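What follows is the residue order along each chain.
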Amino acid sequence: MTLMWLLALLALVPVAVVPLTSVLGRRTGWPVAALFLALAAAMVPAARTVLDGDVVTQSVAWLPALDVNLTLRLDGLGLIFVMIALVIGAAVFAYSAAYLPEGRELGFYLWMTAFAFGMVGLVLADDLVLLFLCWELTSLASFLLIARSGSGGQAASVRTLFMTFIGGITLLIAVALTIVATGTTSLSEALGSTVWDDRPGITAVIAALVAIAGFTKAAQFPFHPWLPDAMAAATPVSAYLHAAAVVKAGIYLMLRFAEAFSDVGVWNAMLISVGLFTAAMGALFAFQQTDLKRLMAYSTVSQLGLITAAIGVGTPKALTAAVIHTIAHALFKSGLFMMVGVVDHAAGTRDTRRLPALRKVMPWSFATMVVGTAAMAGLPPLLGFVSKETILASMLEAPGPAWVGPVALAAAGMGAVLTFAYSAKIVFGSFVDGEREIGDSHGPSAALFIPAALPIWAGLPLAFALGVVDVPVSRAVEAMSGVASYPLHLWHGITPELLVTAAVVAVGALAMTQRKALYRRLERGLLPGTGAEALEYLFGRAGRLGRSLAQMVAYDHPARHVVPALIVLSVLLGAGTIGVLAGGDVPAAQPGLWQPVDWGLLALITLGVIGTSLADSRIAATVYLGGVGIAVTVQLFSLGAPDVGLTQLMVEVLTVLVIMLVLRQLPARIGHPYRTHRRAALTLALTLGAGAAAATWLLTGRRGKSDPAEFYLAEGTEVTGGDNLVNVILVEFRALDTLGELAVLGLAGVAIIAVLRTVRTRTLDPPNRVEVAQLRPQGRLTDPQAELALSDPQSNLLPMQLLLRVLVPALLVLSAVIFWRGHNAPGGGFIAALVASAAVALVYLSRPEDRAVGPRALHVGLIGGGVLIALVTGLIGYADSSFLQPLHGYLGGIHVSTSLLFDVGVYAAVLGLVMAAFDRLGTDRPDDVPAEPAREDA
Amino acid sequence: MSVLPLTVAVLVTGGVYLMCQPSLIRIIFGITLLSHGANLILLAAGVTAWRGEPLTGRGDPADAADPLPMAFVLTAIVITLAVTVFMLALARIGHDDDTHHMPDTGEDHRA
């Protein structure tokens, strides 16, 4: 199977789990695990090629203009990480099927599979841009996985995102600098470049940036707090995150760049010092924990510190050690995490102080936990022993002055003692110590236990069959250093590292005999606060700073936002007009720009505008506004724009109707602002009006027909087959604009629903709704007919309901005709939809009670469906040449084009918006979601 | 001399005056007037000396108006509808649409 297929199939898994989870629920883990194993098996031919010493590459042009390609490359290093991601992934998914609570668990499977895709993409990427994108994908996936784990996970997920995005930014800078320095986006070419030897300055900067990026993901000091934080996520997430994905992405990055930076001083110094410090610190913190999951998290921090330090040493032996320890860690840590989940399931707690001595009820789990922790502690005869020995041995090869090697070995040895201690604590805490009655604790089910135990037990035979891992590790080290790897052995003879291990076991065992006293001393905070608290403090300070900055421009009153912009606009208009006039050379205006009807309309519009501005009754202002709208409509017709005029007319009608719906809820009169305020507003308004008039007079009407106008008038019909040029511009020439407009319409509809659904149910809801009785005119009605109309709305509406029996079908037919003829005569999707909306409005008005037309799902469906139809039509265009390119054809002798389908999308979106507005603004029906308490209060 | 600049002036003046008022309904009406004005500016850019309908096969092509600004304006009108309806939804929230005196909502809306 080619690399491209592997990645494509992995990209399809998140799509496939959407329907799968609704059928299988949590058992989706089984098919996903099977698929991952199948993919791993399908990689065997490619793996053979790599193990024979070749490299598999595949490339597709992606952004040729920027020389960015979708290049995938599989070498020894990539192979190991791909296999870890797939095989450990399979174990974790199989475990999830039994571990997760019953239910759909879509979010878990969606983001976990996206996670696996990002991880495999990262290690296969041979393009720097692709590498960065996959890096960020793993960050986002881990954020979402932590965030979905309930209220405790939200703050933790934000901290995780913050930490990993620091690394994202440094990696982005490093990638950009590398592309600039080496002149290529290809990762393998860049790493093999001679720039690294020729330009030490930039090399040191890039090395430091890559190291920081690696630190953030691999949870190295001072970025480590996010990993214990991430414990909020479900156990399978942690198992995958710690063993195969995010943190291993950091390790992979450092290993990958080791090829270029192994002899860069900054790189060596940063990785060795930070790595060893983190190893010792993480091990100490791990020993302090009583929650087994947190203990495991700090243990990962510590183990990754060792790997980081080994990468920093950079010799073939050290790189061999780093790779083999990565494999060993992936096996025992994924298994141990899942075993903690098993213990948690069985005993209902994972606190070492409360756990009973489980060894009697769970002998197999006990044995598995012993083997796993022994591997973590580096005891023979396990793969973990081999890898830890090799790391200890490689410390002596650390570059720099002679004292560095022994000091590094001593530091690693200190970490190892603590590692032994916390490994023992896991076993003692969960299986040996504990006074609590075992109670209803029970052994785990096979479905839960087997996937958890397999990775741990795999470490046992591998230690005796080192040949199996020898070749892949060797190829990985060759990929990084060009030299064959250091040979691995279970038994090296009596060496310094073996003596260290012996000392570690002796000291560690002695310490564990005194464990009660040690726990008492250490199971409390050694530092005044935690990293998470420090970060929260920083967030708080940054937030306060931001608020104080925002205070300068944050006003509730909209005019304060608008006025500065309007003043700037009036200055620009005034200065611009004067400037153009002073420059002279203004072309003469075209003759015949005005017609007598314009004067009449100007008079009407002026009256309407004055009325709207001065009316202190909301209804009167609405009537004046409607008058202005009608006058403007006539003006549009007189300018030769029938489509625009029809649209304006329909919009005007619907707008007034919606305004009336809202006015029912508002007081009848508008309060007046202070006199000075009014005078200032009037001054600004007159200035801007004069500026707009001057600019319109000066800048328009002084040329012949524009080139686009000539083109559309001459060629438009020939190109599209439609006579109505405005319509063909909307749905064919400039369909992308229209698509954007549909998005705005859809967003407005969704926003209306969202605003009224969330805010109205809260404290803002008017406590005393305007009752129908209050809407009645003041005083007694003398006319009995009028009295009857108010007291009996049912019979009052009868004439209208009778009328609608004829009118609604007529309007719908009219709407269809207008839609169909739009291509050749005034009409089209917009106008047709507005006509249909008018029918909807009439149906609404004819009802005696406030009831929406059609179900709510229909409104949202129309909006979403409309945008979707338009998008799909756009994609169909690719069949010919490009997005939104219309395809033409004949259906039964009638000319049709896909732009008609696009117009259907327009129609649906407009109709949906209007229906949603009538529903949400015109009904007093309680919202379909009962008043939910604000989430932050919960 | 053309008349449209004056019509634009009236609409912009009314629109800006209303937008500086405290009542949200008035602000919405102001935006409606302002968008009428902006639409007329767009059409004026197409040169109003030719006022024939831009329909192929009808009338004299030499007298036909520029269809491109019309397409812009048609789009603008529908977007104005969307924005207006959304702002009307905002105006419906609360006891009053006065933007100077906010009701006490229990949440800190002053940044």
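On a predicted model such as this, the values are computed, not experimentally measured, just so you know.

Please clarify how the overall build of chain B should be interpreted in this entry.
A count of helical and extended segments in chain B gives three helices and zero strands. Its helices and strands taken in sequence order, chain B reads α-α-α from the N to the C terminus. Each of the 111 residues in chain B was classed as buried or not, and the buried ones make up 67%. Total accessible area on chain B stands at roughly 3600 Å², and carbon and sulfur atoms take up 63% of it.

Explanation requested: the interface of chain A and chain B in the structure shown.
A common way to express how large an interface is: the accessible area buried when the components associate. Listed as interface residues are 122 residues of chain A and, on the opposing side, 88 residues of chain B. Interface of chain A and chain B: buried area, both sides summed, is about 9000 Å²; carbon and sulfur atoms make up 74% of it. On inspection of chain A and its partner chain B, the count reaches one salt bridge. Notably, a salt bridge pairs Arg51(B) with Asp598(A), separated by 2.7 Å at the nearest N-O pair.

What's the story with the domain arrangement of chain A in this structure? I'm lost.
The domain architecture assigned to chain A consists of domain 1 (3-534), domain 2 (594-670) and domain 3 (734-765 + 791-938). Just the C-alpha atoms count here: the centres of domain 1 of chain A and domain 3 of chain A sit 52 Å apart.

Got a minute to help me understand the pattern of salt bridges in this structure?
In a structure, side chains of opposite charge can pair up when their charged atoms sit close to one another. Residues and elements named next belong to chain A. Counting across every chain of the model gives twelve salt bridges over all chains. When the shortest N-O distance is used, the salt bridge between Asp344 and Arg350 registers 3.3 Å. On the basis of relative accessibility, which here comes to 15%, the residue Asp344 falls in the buried class. Across the salt bridge formed by Arg856 and Asp919, the nearest N and O atoms sit 2.8 Å from each other. Within this pair, whereas Arg856 is found in helix H38 (residues 856-876), its partner Asp919 is found in helix H39 (residues 898-922), the two being separated by 63 residues in sequence. Comparing Arg856 with Asp919, the two get one shared label, buried. Each of Arg26, Arg27 and Glu102 takes part in salt bridges that share partners, so that together they form one network.

Which parts of the structure should I look at to understand H38(A)?
Because an α-helix packs 3.6 residues into every turn, residues spaced three or four apart end up facing the same way. All names here are of chain A. Spanning 21 residues, H38 covers 30 Å between terminal C-alpha atoms, matching the ideal 30 Å at 1.5 Å per step. Taken together, the buried positions of H38 are Arg856, His859, Ile863, Gly866, Ala870, Thr873 and Gly874. Here the buried face of H38 lies against helix H32 (735-758) and H39.

Whenever I open this one, the packing of helix H5 (residues 106-124) of chain A against helix H12 (residues 235-243) of chain A confuses me. Can you help?
Residues and elements named next belong to chain A. Relative to each other, H5 and H12 sit at 5 degrees, their axes nearing to 12 Å. Classified by the angle between their axes, H5 and H12 sit roughly parallel to one another. Contacts between H5 and H12 pair Phe108, Met112, Phe115 and Ala116 from the former with Pro236, Val237, Tyr240 and Leu241 from the latter. When grouped by side-chain class, the residues that make up the contact of H5 with H12 number eight nonpolar, no polar and no charged.

What am I meant to see in the layout of surface pockets here?
Any empty space left between the atoms is revealed when a probe the size of a water molecule rolls over them. Residue and element names in this part refer to chain A. If you add up the space inside the second largest pocket, you get close to 770 Å³. Lining of the second largest pocket is provided by 26 residues; of these, Met83, Ile84, Val87, Ile327 and Leu331 occupy positions nearest its centre. At the level of elements, helix H2 (29-42), helix H3 (44-51), helix H4 (76-99), helix H16 (316-347), helix H20 (446-464) and helix H21 (466-481) are the ones that each hand at least two residues to the lining of the second largest pocket. Take the lining of the second largest pocket: its biggest share by element is nine residues, from H4. Partitioning the lining of the second largest pocket into residue classes produces 25 nonpolar, no polar and one charged.

What am I meant to see in empty space enclosed by the protein here?
Scanning the model with the defined rule gives ten cavities of 30 Å³ or more in all. Reported here for the largest cavity is a volume of approximately 110 Å³. Taken together, 13 residues form the lining of the largest cavity, with Gln648(A), Val651(A), Thr32(B), His36(B) and Thr80(B) sitting closest to its centre. By residue class, the composition of the lining of the largest cavity is four nonpolar, eight polar and one charged. Lining the second largest cavity are Leu639(A), Ala641(A), Leu43(B), Gly46(B), Val47(B), Thr48(B), Trp50(B), Ala65(B), Asp66(B), Pro69(B) and Met70(B). For the lining of the second largest cavity, the residue count by class is eight nonpolar, two polar and one charged.

Quick notes on the rules
Residues numbered from 1 in each chain as written. Chains lettered and ligands numbered in written order. Predicted model: local features only at pLDDT ≥ 70, side-chain atom pairs only at ≥ 80, totals over all residues. Heavy atoms only, no water. Helix = DSSP H or I, 4+ residues; strand = E, 2+ residues; numbered from the N terminus. Buried < 20%, exposed > 50% of the residue type's maximum accessible area, 1.4 Å probe, protein only. Areas by Shrake-Rupley, 256 points an atom, 1.4 Å probe, with all protein chains shown as cover. Contact = heavy atoms within 4.5 Å. Buried area = accessible area lost by both parts, 1.4 Å probe. Salt bridge = Lys/Arg side-chain N within 4 Å of Asp/Glu carboxyl O. Domains from an automatic or database assignment. Expected span 1.5 Å × (residues − 1). Axes fitted to C-alpha atoms, helices over the stretch in contact; angles between N-to-C directions. Parallel < 35°, antiparallel > 145°, perpendicular 65-115°, else oblique. Nonpolar A, V, L, I, M, F, W, Y, C, P; charged D, E, K, R; others polar. 1 Å grid on protein atoms, 1.4 Å probe; cavity = no way out; pocket = protein on both sides within 12 Å on 5 of 7 lines; lining within 4 Å. Points joined across faces, edges and corners; volume = space filled by probe spheres on them.

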